[in-house]
Structures are given as structure tokens and as C-alpha cells.
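Residues per chain, in single letters:
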Amino acid sequence: MPAHPDLQRERASATFNPELLTHILDGGAERSRRRREIENFVLRDPDFQHEDANFLSRSERYELAIKKTAKMVQKMREYGISDPDEIHLFERCVYRGQYGPLDIHHSMFLPTLIAQATPEQQERFFIPAWNLEIIGCYAQTEMGHGTHIRGLETTSTYDPSTQEFILNSPTITSIKWWPGGLGKTSNHAIVLAQLYTQGQCKGLHAFIVPIRHMDTHQPLSGVTVGDIGPKFGFEDSDNGFLKLDNVRIPRENMLMKYAQVEPNGAYVKPLSDKLTYGTMVYIRTLTVRAAAYSLSKACTIAIRYSAVRHQSELKPGEPEPQILDYQTQQYKLFPLLATAYALWFVGDYMKHTYHRITEDINQGDLNELPELHALSAGLKAFTSWIASAGIEECRMACGGHGYSRCSGLPDIYVNFTPACTYEGENTVMMLQTARFLVKSYMQVSTGKTVGGMVSYLNDLSLQHVHPHPVAVRPVVVDINDLADLVKAYRLRAAWLVETVAKSMETEQNHRQAKEDAWNLSSVELVRASEAHCHYVVVKLFTDKLTEIVDVAVHNVLNSLCLLYALQGINRNTGDFLQAGLLTTPQLANVQLRIKELLAITRLNAVALVDAFDYSDAQLGSVLGRYDGNVYEHMFEWAKKSPLNKTQVHDSFSKYLKPLRGKL
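Everything quoted here is computed from the prediction, not taken from an experiment.

So, about the overall build of the protein. A count of helical and extended segments in the protein gives 23 helices and 11 strands. Computed over the C-alpha atoms, the radius of gyration of the protein is 27 Å, within 12% of the 26 Å expected from 2.2 N^0.38 for a compact globule of 663 residues. In terms of its C-alpha atoms, the protein occupies a principal-axis envelope of roughly 90 × 80 × 65 Å. Buried residues in the protein amount to 54% of all 663 residues. Across the protein, every contact between residues at least 6 apart in sequence was considered, and the portion connecting residues at least 24 apart equals 73%. Working note: accessible area of the protein is about 29,500 Å², and carbon and sulfur atoms make up 54% of it. For the protein, the distance from the average site of its 67 positive side-chain charges to the average site of its 73 negative ones is 3 Å.

Here we take up the sheet that holds strand β7 (residues 223-227). Overall, antiparallel pairing links the 3 strands, which are arranged β4-β8-β7 in an open sheet. Only two strands of the sheet have a single neighbouring strand rather than two, namely β4 (176-177) and β7. Strand direction decides the pairing type here: β7 and strand β8 (residues 240-244), joined by 5 bridges, are antiparallel. When the sheet's bridge partners are listed, threonine 224 is paired in β8 with lysine 243.

Right, let's get into the confidence of the model for the protein. In the predicted model, the protein carries a mean pLDDT of 92, and the fraction of residues at 70 or more is 97%. Under a pLDDT of 50 for its full length, residues 463-472 has, in the predicted model, 19 contacts with residues more than four places off or in other chains.

Turning our eyes to something else, we now look at helix α1 (residues 5-12). Where α1 is concerned, the buried positions are Asp6, Leu7, Glu10 and Arg11. For α1, the arc enclosing every buried residue in end-on projection is 130 degrees, short of the 170-degree limit, so these residues lie on one face. Exposed residues pointing more than 90 degrees away from the buried face of α1 are listed as Pro5 and Ala12. As for α1, its buried residues are in contact with α8 (278-308), α19 (584-602) and α20 (605-610).

Of note, the phi angle at glutamine 163 is positive, near 55 degrees, even though the residue is not glycine. Here glutamine 163 shows up in the loop between β2 (155-159) and β3 (164-168). For glutamine 163, a relative accessible area of 35% gives the class partly exposed. Phi angles above zero are rare outside glycine, and serine 312 is one such case at about 60 degrees.

Because side chains alternate across strand β1 (residues 136-139), one face comprises the buried residues Gly136 and Tyr138, and the other comprises Cys137 and Ala139, equally buried. Pairing geometry for β1 and strand β5 (residues 188-197), over 4 bridges, is parallel. Opposite glycine 136, over in β5, you have histidine 188 as the bridge partner.

So, on to the environment of aspartate 610. Examined against the element boundaries, aspartate 610 turns out to sit in helix α20. Taking the relative accessible area as the measure of exposure, aspartate 610 reaches 10% and is therefore buried. Excluding residues that lie within four positions of it along the chain, aspartate 610 makes contacts with Arg11, Thr22, Arg304 and Tyr626. Among the polar contacts listed, one links the side chain of aspartate 610 to the side chain of arginine 11, at a separation of 2.6 Å.

We now examine the packing of α8 against helix α11 (residues 409-416). Direction vectors running N to C along α8 and α11 enclose 165 degrees, while the axes themselves pass 10 Å from each other. The angle between α8 and α11 places the two elements in the roughly antiparallel class. When you trace α8 past α11, the crossing you get is left-handed. Contacts between α8 and α11 involve Thr287, Ala290, Ala291, Ser294, Lys297, Ala298 and Ile301 on the former and, on the latter, Leu409, Ile412 and Phe416. Counted by class, the contact of α8 with α11 contains 7 nonpolar, 2 polar and 1 charged residues.

What follows concerns helix α4 (residues 58-79). For α4, spanning 22 residues, the distance from its first C-alpha to its last is 31 Å, which sits close to the expected 32 Å at 1.5 Å a residue. Buried residues along α4 sit in contact with α5 (84-95). At the exit of α4 stands glycine 80, carrying a positive phi of roughly 70 degrees.

Moving on, we come to the side chain of glutamate 39. For glutamate 39, the position within the fold is in helix α3 (residues 29-43). Within the structure, the side chain of glutamate 39 is placed 3.2 Å from the side chain of glutamine 618, a separation counted as a polar contact.

A full pass over the atoms with the stated rule returns 38 salt bridges. Between arginine 33 and glutamate 37 there is a salt bridge, with its nearest N and O atoms 3.4 Å apart. You can see arginine 33 and its partner glutamate 37 sitting in helix α3, 4 residues apart, about one turn around the helix. Overall, arginine 33 belongs to the partly exposed group, its relative accessible area being 42%. A salt bridge links glutamate 547 to lysine 544, with the shortest nitrogen-to-oxygen separation between them at 3.1 Å. Classification of glutamate 547 as exposed rests on a relative accessible area of 54%. Three or more residues joined by partner-sharing salt bridges are found here, namely Glu19, Asp26, Arg35, Arg36, Glu39 and Asp613.

Attention now moves to the pairing of β3. Looking along a regular strand, one sees the side chains alternate between the two faces of the sheet. Most of β3 is tucked away: 4 of the 5 residues are buried. In this structure, β3 lies alongside strand β9 (residues 247-250), joined through 4 bridges in antiparallel fashion. When the sheet's bridge partners are listed, leucine 167 is paired in β9 with valine 247.

The interhelical angle for the contact between α3 and α5, taken along N-to-C directions, is 40 degrees, at an axis separation of 9 Å. The orientation of α3 relative to α5 falls into the category oblique. Crossing of α3 over α5 shows right-handed handedness. Residue-level contacts link Arg34, Arg35, Ile38, Glu39, Phe41 and Val42 of α3 to Glu86, Leu89, Phe90, Cys93 and Val94 of α5.

Cut-offs applied
Residues numbered from 1 in each chain as written. Predicted model: local features only at pLDDT ≥ 70, side-chain atom pairs only at ≥ 80, totals over all residues. Heavy atoms only, no water. Helix = DSSP H or I, 4+ residues; strand = E, 2+ residues; numbered from the N terminus. Rg over C-alpha atoms; globule rule 2.2 N^0.38 Å. Buried < 20%, exposed > 50% of the residue type's maximum accessible area, 1.4 Å probe, protein only. Contact = heavy atoms within 4.5 Å. Areas by Shrake-Rupley, 256 points an atom, 1.4 Å probe, with all protein chains shown as cover. Lys, Arg positive; Asp, Glu negative; His and termini not counted. Charge placed at Lys NZ, Arg CZ, Asp CG, Glu CD. Pairing = 2+ DSSP bridges. pLDDT = per-residue confidence, 0-100. Arc of directions from axis to C-beta. Polar contact = N/O pair within 3.5 Å; in protein donor to acceptor, adjacent residues only side chain to side chain. Axes fitted to C-alpha atoms, helices over the stretch in contact; angles between N-to-C directions. Parallel < 35°, antiparallel > 145°, perpendicular 65-115°, else oblique. Left-handed = near helix turned anticlockwise from the far one by under 90°. Nonpolar A, V, L, I, M, F, W, Y, C, P; charged D, E, K, R; others polar. Expected span 1.5 Å × (residues − 1). Salt bridge = Lys/Arg side-chain N within 4 Å of Asp/Glu carboxyl O.

See the structure below:
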């Protein structure tokens, strides 16, 4: 079937080559080639062509996911795929937006072994895990504790007489709850537990715990394990529970790259307690990238559909226009499109930064570890909040058809929105970032210099809070100059950090207890963290533009970057006014400029989502099809419903027909 004429026209009118932008998103033409090669391995393989999962029960979906997983492992071995990024890509193609049974094994279990196991432990555990003799999960969250990991109750008590750790779930709230792959798939778990040795608690440490028999897959003695049941999404995944009753493991099963327990029970502490939480930092960086992927998929679906959907009349008697021509639709979708690009570049930055700092840590340099923790926590929260809300906005922008599972949007939403709570609930993550910001501010106020993304705090002359900041600290901001806009975001963040630091100081003077002052300032602390993260995103998007040499691509991304930055100002006008960074007339001009940028983006909207280069199979959306033939395929999809296998459902004869004449 030929492509829909509306989409043909949209693509023909684009002012840039989407292929060049695809190369930028992938990190180069060769990476695009290799990504497509791997995708084609999967998409053309008949072993991965299966019935639409929307019409299967949860048990059938899990079994199908396991079947796909087994085929996937065989194929990756056959194709010689061993690079972690390529494994992740292969999985993403196989599972098509869902979370598979081996996701946590690859994204958390193996990376934890690499990061925290000694060479001897890696030889014992990593190679079998790589070969899938050991299938692992990461058991941290408990029924009663999640984000506050210091409150976890699972215990691991060292017995020097046998040189074993004894693991226990002492309370109902200490049962491990939520780990992916735990319910039915894994035979080992990395368990986060409170370490007790020589009568003292040494805090949380990671232990490798066998939970199922390697041959029969039956639970081992003292292990109660199972699936937690249906969830809002993640229907292919077996999130599970784990209760441990006097489960003994060898001393060598404690991950001991940083902290150790010697045979006699003596404890050797790590250089930094934060090193124990490296896996969480890694997952938080992945969440930023996942936010970009999920939001960009939603934008692709909504914008393509908006280009082929015609509705109402702009002028009486004229044909119904594309709904993408309505300014209100553009206002919904184009800032989200700009956000998707912004998050994509931030995700790349976080990936490279994580690996760079990890290398430094391996060399004994921990200087950047605190900022990595703070930045990954804040950006995880900032990006997942934005993406989750943005996906839902895209769904509603598709009208009634967006409610159908055939649109793909409900699945994108329910599978991404848990990111707002897993690996750290977002508000708590923002408060962790705020703690780092306030600490950095206090260092600067005592004459020290801070580096990294908080270096803007070094210039205290820009941070004095005045009753009427507009009068005493005028700032000239050209709303068409990205450098000026970055400066405005930087000053806004600095102003909010200093404001909350002084507020806490006032509260502490009144109430004396530092903890009370912190709690009573927590709303402002979250605002300061959000402003800091917003500055980082605007800065990184702007910095990325300097790397782009193609003039046409640079121009279209420059417009998107401006749209992202100005819409951020439009949504946070109070901050910029109070800080004296913009005047009321300037804010009126911001709104006018946003409308101009909507019209500019309209020319390239379809080409911009095409540049994400998602295949129809990856999108899993009738509305977002590349060819735009939405209605024909929507009708065919509906016919596949199990309710349509018979013209008359059994319930008619059983329940409805006997009702006749009885009322």
C-alpha cells in the first residue's frame, strides 16, 4: 500500500535531510548502519514474528517472552553479539517496548558483578552469568522500604565458625518486593542486606544468593519466592517477592571489591559508602536515556497521526484540515518534540559521563563521585516526570483513538511511568540533589571553589537576594540568543539555591533543629533542584549545537532548542520575574516567539520524528505507521480481537437470552 499522500507531502517539504540527523542521534553514520543491521536481524527473523500480545493473557505473555528470550540468546550467540550496547539494542528490538525476563539480568545483575565483584568473584559468577547458567536479578526494594534504602530490614549476619553469612527477612515489611525477573525466571539474586559482623551493623552490602536449584529450578531451602501479580503495565515481566529464612551462603558470596569481611569477621570499610550504590547510579543514567526513547516514540506516533487526521473546519465550506495545522495541536506536541531531542542529548551525556567517572573511580579518583550521584538522581527525576507527562499529553492529542491499545501509546505510558518511582522516588531524588546543591553553596560561601555543573555557584556576586531584584540587579537577556538563555537558566538556578539556603538558615535559627529546617524548606529545595536540572538540560542541548556542521540540520535543531528553552521560561515565569532575570514585556515577547517557532517547526515536524528512525515494529502503533495508512490497519487490528472469533458469544445463550420476558 503506498504511503498516505499527507505524509508524502510532509516529507517532501522538509528543509533538511533526516538521515543526517539520525546519524547525529546514533553517534555517527557507522553506528546508524550497525543499529539497523541488528534491527534487521530481528525484524526479518521468522522466530521473532508472534501474535499480537495485546490479545494474550498474562501467563501467555510471560511464556511468549521466555520463548523470545531463548531464541534471542541463541541468535546473539549465532551472530556473535557481545557488546553491552548491542545486547541492549537487540533486546529492545525483540521485546518491542516491553520489558523482558532478562532485562534486569543484563542491566543490573551483570553490571553489579562487573562494578563490585573481585576478580576471583567475577571468575566464579560473571562467566556463568554471561553464559546464562546463572540468571540473576537485583533484590533491593522491600515491601516496607524502597527509596530510603538505609531503612532496608533484610539482614546478613556473619558466622565466623562456618565462614558463612546467614540471611533473614525478619519482618513482613522486609520481604523483597518488585525485583524484575525474580518471580519465575532467576536462580540467583544480588540481595541488598544490613551486614552484621562481630556484633555490629555495618550498613547495606550486596550478597550473591542462590534462590533456585540450578537443574530443577525449585526454590532452595529457606527461600520463599514468587510473582507479585498483575501491575499497571510490565505484563511480560515477572516482578517478584523473596523471603529468606536462615539462608546460609559462603563468605565469598559477599561482593568484596570495595568492602570486605575477613574470615575472622573483621570488617574492612570501603573508600566511600557511595561505591556500594553504583548499580543504582547506572540505572538512573539509563532512565534518562529511556525517557528520551519513550517520549520520542510517543511524539512520533502523535505527530504522524496528526498529519493524516483531518477534523473540523478552519473556514466554513473548506475541506477539513490536518489537525497538525491547528496551533493548539502544535502547542501540545512541538515543545514535547523539542524536549525529546533535549533528553536524547542529555542521555548521551550521562552515559559518557558515567563511564568516564567510573574509570576514574577504578583508578582511585573519587572526586567526581558526589556530583555523579547528585546529577544522576536529579536528572532521573526531572526527565522521568517530564517524559511521563509528555507521553500522556501525546495520547490525549490523538483523541479517542489514542485510548486504544492499537495506538501503542497506552503501552508506552504504562511501561515508562514506573520510572518515576523505581530506583528512587522522584521527590526524594530531587531532595538528594538539593542536599548536594546546598552543600556546594555552603562551600562557596566559606571561600572554597566548586566544579562541574555547580560551578555557577562560585560567583557569589550573582547570587545576592534582594527585596526588589529587578531594580538592583537588571539582567539583559536576548530571548533569541541561546547563550543568553543559558545564562538566564543558570542565574535562576543560583538564585533559587541561595534563596532556599538562606531560608533554611532562618528556619534553623528559629527552630534550632537542622532536620526540621530541612523538612520545612523541602518544597523550595525541590524547586531549586528542578531549576538546576533544567539549566543542565538547556546547557547540554545548546552545547550539542556546536558539534553540528550541516547548516540545515543545525538550523532546525537551533529552532527546537530555542523552543525548548522559551517554553521552559513560559512555564516558570514566576521564577524568572522574581529573580529579576526577565521583565513582563520580555515575557510577552517569549510567548510571541514561541508561536513563531511553532510555525517554523511545523515545516519539519514529520521529518524530525522520522529522524528517530523507529520501525513500525518498534513503535507497535497503528496510528504511528510510517506509511500513514491508519484506518485500514486499525480495522484489521480490531478484527483480531478474541471476542470476534465467533459472531455470537457463549454468554448470549447463557445469560442474556433467558432474561427475555422476565422483567
